[in-house]
Amino acid sequence: MSDNDVLVAGVDSSTQSTKVMVCDARTGAVVRSGRAEHPDTTEVEPSEWWSALTSATGGILDGVAAIGVAGQQHGMVTVDDRGEMVRPALLWNDTRSATAATDLVDELGGPQVWAEAVGSVPVASFTVTKLRWLAENEPDAADRVAKVMLPHDWLTWRLTGGEPVTDRGDASGTGYFSPVKNVYRTDLLGHAFGGRSPELPRVLRPSEPAGHTSGGILVSAGTGDNMAAALAINAGGGDVVVSLGTSGTVFGVSESPATDPAGIVAGFADATGRYLPLACTLNAARVLTATAGMLDVGLAEFDRLALSAAAGADGLTLLPYLDGERTPNLPAAAGSLFGLRRANMTPENLARAAVEGMLCGLAAGLDALREHGIMVRRVLLIGGAAQSESVRAIAPIVFGVPVSVPRPREHVAIGAARQAAWALAQAPEPPSWETEIAVRLPAPSGAAAEIGGQLRARHAEARRRVYDV
Ligand SMILES: Nc1ncnc2c1ncn2[C@@H]1O[C@H](COP(=O)(O)OP(=O)(O)O)[C@@H](O)[C@H]1O
Ligand SMILES: O=C(CO)[C@@H](O)[C@H](O)COP(=O)(O)O
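Residues numbered from 1 in each chain as written. Chains lettered and ligands numbered in written order. Predicted model: local features only at pLDDT ≥ 70, side-chain atom pairs only at ≥ 80, totals over all residues.

**Student:** Which residues make up the site of ligand 2, and what values go with them?
**Tutor:** Taken together, 16 residues sit near ligand 2, with Ser-14, Thr-15, Gln-73, Gly-245 and Ser-247 positioned nearest. Residues belonging to the shell around ligand 2 are distributed by class as follows: two nonpolar, 13 polar and one charged. (Near = placed C-beta within 6 Å. Nonpolar A, V, L, I, M, F, W, Y, C, P; charged D, E, K, R; others polar.)

**Student:** Could you give an account of the UniProt feature "site: Important for activity" (unreviewed entry) in the chain, with specific residues and numbers?
**Tutor:** According to UniProt, the feature "site: Important for activity" (unreviewed entry) maps to Asp-12 in the numbering used here. As for its position among the elements, Asp-12 is in strand E1 (residues 7-13). Since 29 C-beta atoms lie within 10 Å of it, Asp-12 is described here as buried. Dropping the residues within four chain positions of it, Asp-12 is found in contact with Thr-18, Lys-19, Ala-70, Asp-225, Glu-410, Val-412, Ala-413 and Ala-416. (UniProt positions renumbered as here; feature names shortened; annotations may be inferred. Helix = DSSP H or I, 4+ residues; strand = E, 2+ residues; numbered from the N terminus. Buried ≥ 20, exposed ≤ 12 C-beta atoms within 10 Å, placed from the backbone. Contact = placed C-beta atoms within 7 Å.)

**Student:** Pulling in residues and values, what's your account of the site of ligand 1?
**Tutor:** Around ligand 1, the structure places 16 residues, and the nearest of them are Ser-14, Gly-245, Thr-246, Gly-384 and Ser-388. The biggest single contributor to the shell around ligand 1 is helix H10 (residues 285-295), with four residues. Split into classes, the residues belonging to the shell around ligand 1 amount to four nonpolar, 11 polar and one charged.

**Student:** Go over the pairing of E1 with me, naming the residues and quoting the values.
**Tutor:** Buried residues dominate E1, accounting for seven of its seven residues. Side chains Leu-7, Ala-9, Val-11 and Ser-13 of E1 all project onto a buried face; the interleaved residues Val-8, Gly-10 and Asp-12 project onto the opposite face, where all are buried too. Across seven bridges, E1 lies against strand E5 (residues 64-71) in parallel orientation. Its bridge partner lying in E5, Asp-12 is registered against Ala-70. (Pairing = 2+ DSSP bridges.)

**Student:** Break down the environment of Leu-61 for me, citing the residues and quoting the values.
**Tutor:** Here Leu-61 lies in the loop between helix H1 (46-57) and E5. Given 17 C-beta atoms within 10 Å, Leu-61 falls into the partly exposed group. As a C-alpha pair, Leu-61 and Leu-322 span 261 residues in sequence and 39 Å in three-dimensional space. Leaving out residues up to four positions away in the same chain, Leu-61 has contacts with Ala-9 and Ile-217.

**Student:** Can you explain the UniProt feature "active site" (unreviewed entry) in the chain? Please cite residues and give values.
**Tutor:** UniProt annotation of "active site" (unreviewed entry) refers to Asp-225 when read in the numbering used here. Inspection of the secondary structure assignment puts Asp-225 in helix H9 (residues 225-233). For Asp-225, a count of 31 C-beta atoms within 10 Å puts it in the buried group. With residues up to four places along the chain from it excluded, the contact list for Asp-225 reads Asp-12, Ser-14, Ala-70, Gly-71, Gln-72, Gln-73 and Val-412.

**Student:** Please set out the sheet that holds strand E16 (residues 239-244) residue by residue, giving values where relevant.
**Tutor:** Strand order in the open sheet made by the seven strands is E18-E19-E17-E16-E22-E23-E24, with mixed pairing throughout. Strands with a single pairing partner mark the edges of an open sheet, and in this sheet they are strand E18 (266-269) and strand E24 (436-441). Direction aside, the axes of adjacent strands within the sheet are offset by 30° on average. Of the pairings in the sheet, the one linking strand E22 (residues 378-382) to strand E23 (residues 403-407) comprises two bridges and is parallel in character. Opposite Val-379, over in E23, you have Val-403 as the bridge partner. (Axes fitted to C-alpha atoms, helices over the stretch in contact; angles between N-to-C directions.)

Take a look at the structure:
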């Protein structure tokens, strides 16, 4: 790197941790990085995210000209008229607002009306349902809410000290923003929040700066974590991204909006002015870590076990709804294991069933994206569990298409950095950063392709038997 090179930083404030990548603004090459953990709860004081951001950026922002924040989507951050927190934030994976979601969908015309109004049929993850829960369960707190923000909005606000702002991508996950008309649906928000009308962040254009830090670093609009990952990877036609973090997400970039009254595909906006149809499960990497914990092995040994079992885990099928589920919408569900026999009840088969079960849920999302016009030529695998050897080996079998794993691994933070570089350059398009592919796995053929189809069918049959969906 020469003295003339400009540096930009990207922050990924996701469910489990904050990661920061400092990149060369011209090439995207990572020059420094930082990380700090978050509490393992679904209700979090936003000051914890600020501490993590401060700690993860500590000592690595020297020479940085611009910074962007990407955050876990949907979380409800409530601020009073003095700028203080009204209550801890409720995260996307907090399911207490499931009944509020059902009520809202019923009261305001049903799933089709919601999908057309805001791109998605709200489930417990969406901010609008959390506000409804707050209005019904903590009305005094609801009365004190002056501003509602998303996690990335709040962190951006703290960085600039200016007016609250957001972007179209993250706003599209609130349930009170139309990604087609690019306006807030304050009528839906007002209905959900008992007639209250809190201030909402101004929606910036994709490359519009949010302001500056007190140290003079330009701050970009920021976005949701999945939108930032899409920006980092530059997913093109035929590319579908599968992210395996706390959530499992499957998404593609599209020029046209998705409207899915079945509620499987959320019709989000992306961070560039286009759309990001996406299906999200509540149970991804933690299915593997919880299974490894139960087997009392580390992740490397877990991979070895899963890979030493035959495809299909000798008949074991895991529905991995360990924290409830969002797609399908089963917030009160628990996990179920089918097909146990004395002969197949081995750690190897259990590890394999965990990987297959997690991936089969996402394969159903992939099929739903296809039904909404997304072409699937290859899957780009990202997120913490994309590092797993067993996931890499089993993903092509379950998805039935080639799978690539891009490098380096923190795509959300890199996407936020790319947005920061774009805001700094004020160019019509984001800077062209290359995505290097670390691993390319071919589509399965012959018997492996057949097994993939059988696995998906077995998973769907188990789901229908228990939950009738
Ligand atoms: N090799 C691996 N195998 C399985 N899971 C892994 C592996 N490496 C990391 N993980 C898991 O990935 C998760 C973190 O992924 P990440 O995408 O950072 O999550 P989030 O964005 O939700 O905070 C953790 O649960 C971690 O245990
Ligand atoms: O709710 C969604 C997408 O709609 C989740 O994808 C969150 O955005 C959290 O992401 P991770 O922390 O699991 O990466």
